[in-house]
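Single-letter residue listing:
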Amino acid sequence: MCSSDLNRIDIFLPDELLAFHNEFVPAGGPFDPATFGSVRTLVSFEDTGAGQTKVTETVIGFGEGAKYDQLYDHLHGGNAEYLRNVATYFSKGGDSHAQ
């Protein structure tokens, strides 16, 4: 996502779940802002032992049509890269409580 995106947290359960949705994307981006605002992202955390955590991201609320197809394609590639970056950060000892 762009640094100028604005997301609203809908649900936060520490160490379990984060649910959010987009409220603002600058015009001229790779997808329709209203379409992006209609989906919800859920990120769940599962302690798998030995200091490991399974992180699962699910995006819900997709509809039919080209705008949703375009958004899905964008998120499929971008979110996979983002999650790899998060995993790399924490595998190198990143502070999970950093501001």
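> Can you walk me through the pairing of strand β3 (residues 40-49) in this structure?
On any regular strand, side chains alternate: one points to one face of the sheet, the next to the other face. When strand β2 (residues 17-24) meets β3, the two strands line up antiparallel, connected through 4 bridges. Across the sheet, F20 pairs through a bridge with T41, a residue of β3. Once β3 ends, the chain turns through 2 residues before running back antiparallel as strand β4 (residues 52-60), passing A50 with a positive phi of about 50°.

> How should the sheet that holds strand β1 (residues 6-13) be read in this particular structure?
Within a sheet, adjacent strands bond to each other through the backbone by hydrogen bonds, running parallel or antiparallel. Strand order across the open sheet formed by 4 strands is β1-β2-β3-β4, with antiparallel pairing between neighbours. Of all the strands in the sheet, just β1 and β4 have a single pairing partner and so form its edges. Within this sheet the neighbouring strands show an average axis-to-axis angle of 20°, counted without direction.

> Could you clarify how one ought to interpret the pattern of salt bridges in this entry?
A side chain with one charge may pair with a side chain of the opposite charge, provided their charged atoms come close. In total, this model carries 2 salt bridges according to the counting rule given. For the salt bridge of R40 with D10, the shortest nitrogen-to-oxygen distance reads 3.7 Å. Within this pair, whereas R40 is found in strand β3, its partner D10 is found in strand β1, the two being separated by 30 residues in sequence. Taking the relative accessible area as the measure of exposure, R40 reaches 31% and is therefore partly exposed. Exposure remark for D10: the relative accessible area of 39% places this residue in the partly exposed category.

> Can you help me understand the pairing of β2 in this one?
The pairing of β1 with β2 spans 7 bridges and is classified as antiparallel. Note that in β2 the partner of L6 across the bridge is F24. Between β1 and the antiparallel strand that follows it, β2, lie 3 residues; D15 among them carries a positive phi value of about 65°.

> Sorry, what's going on with the packing of aromatic side chains here?
In this structure the tally under the stated criterion is 3 aromatic pairs. Aromatic side chains F62 and Y68 sit 6.4 Å apart centroid to centroid with 75° between the ring planes, which places their arrangement in the edge-to-face category. Seen in terms of ring centroids, F62 and Y72 are 5.7 Å apart; in terms of plane orientation they differ by 75°. Their pairing is edge-to-face. Here F62 is found in the loop between β4 and α2 (66-91), whereas its partner Y72 is found in helix α2, with 10 residues between them in sequence. A relative accessible area of 30% places F62 in the partly exposed class. The exposure class of Y72 is partly exposed, given its relative accessible area of 43%. Aromatic ring contacts, followed pair by pair, group F62, Y68 and Y72 into a single cluster.

How each quantity is defined
- Numbers given for residues are sequential positions, taken from 1 along each chain in its written order.
- Two thresholds apply to this predicted model, a pLDDT of at least 70 for residue-level local features and 80 or more for giving and counting side-chain atom pairs, whereas whole-chain, interface and lining totals are computed over all residues.
- The basis for every side-chain value is the complete set of non-hydrogen atoms in the structure, without hydrogens or water.
- Strand pairing is assigned whenever DSSP detects at least two bridges linking the two strands.
- Helical segments are the DSSP runs of H or I of at least four residues, strand segments are the runs of E of at least two, and each set is numbered from the N terminus.
- The axes are straight lines fitted to the C-alpha atoms, using for helices just the contacting stretch, and the angles between their N-to-C directions are given from 0 to 180°.
- We define a salt bridge as a contact between a side-chain nitrogen of Lys or Arg and a carboxyl oxygen of Asp or Glu at a distance within 4 Å.
- Here's how the labels work: a residue is buried when its accessible area is under 20% of the maximum for its type, exposed when over 50%, partly exposed in between, all with a 1.4 Å probe on protein chains only.
- Stacked, edge-to-face and tilted are the three classes for Phe, Tyr and Trp ring pairs, Trp counted by its six-membered ring, which pair at centre distances within 6.5 Å; planes under 30 degrees apart are stacked, over 60 edge-to-face, the rest tilted.

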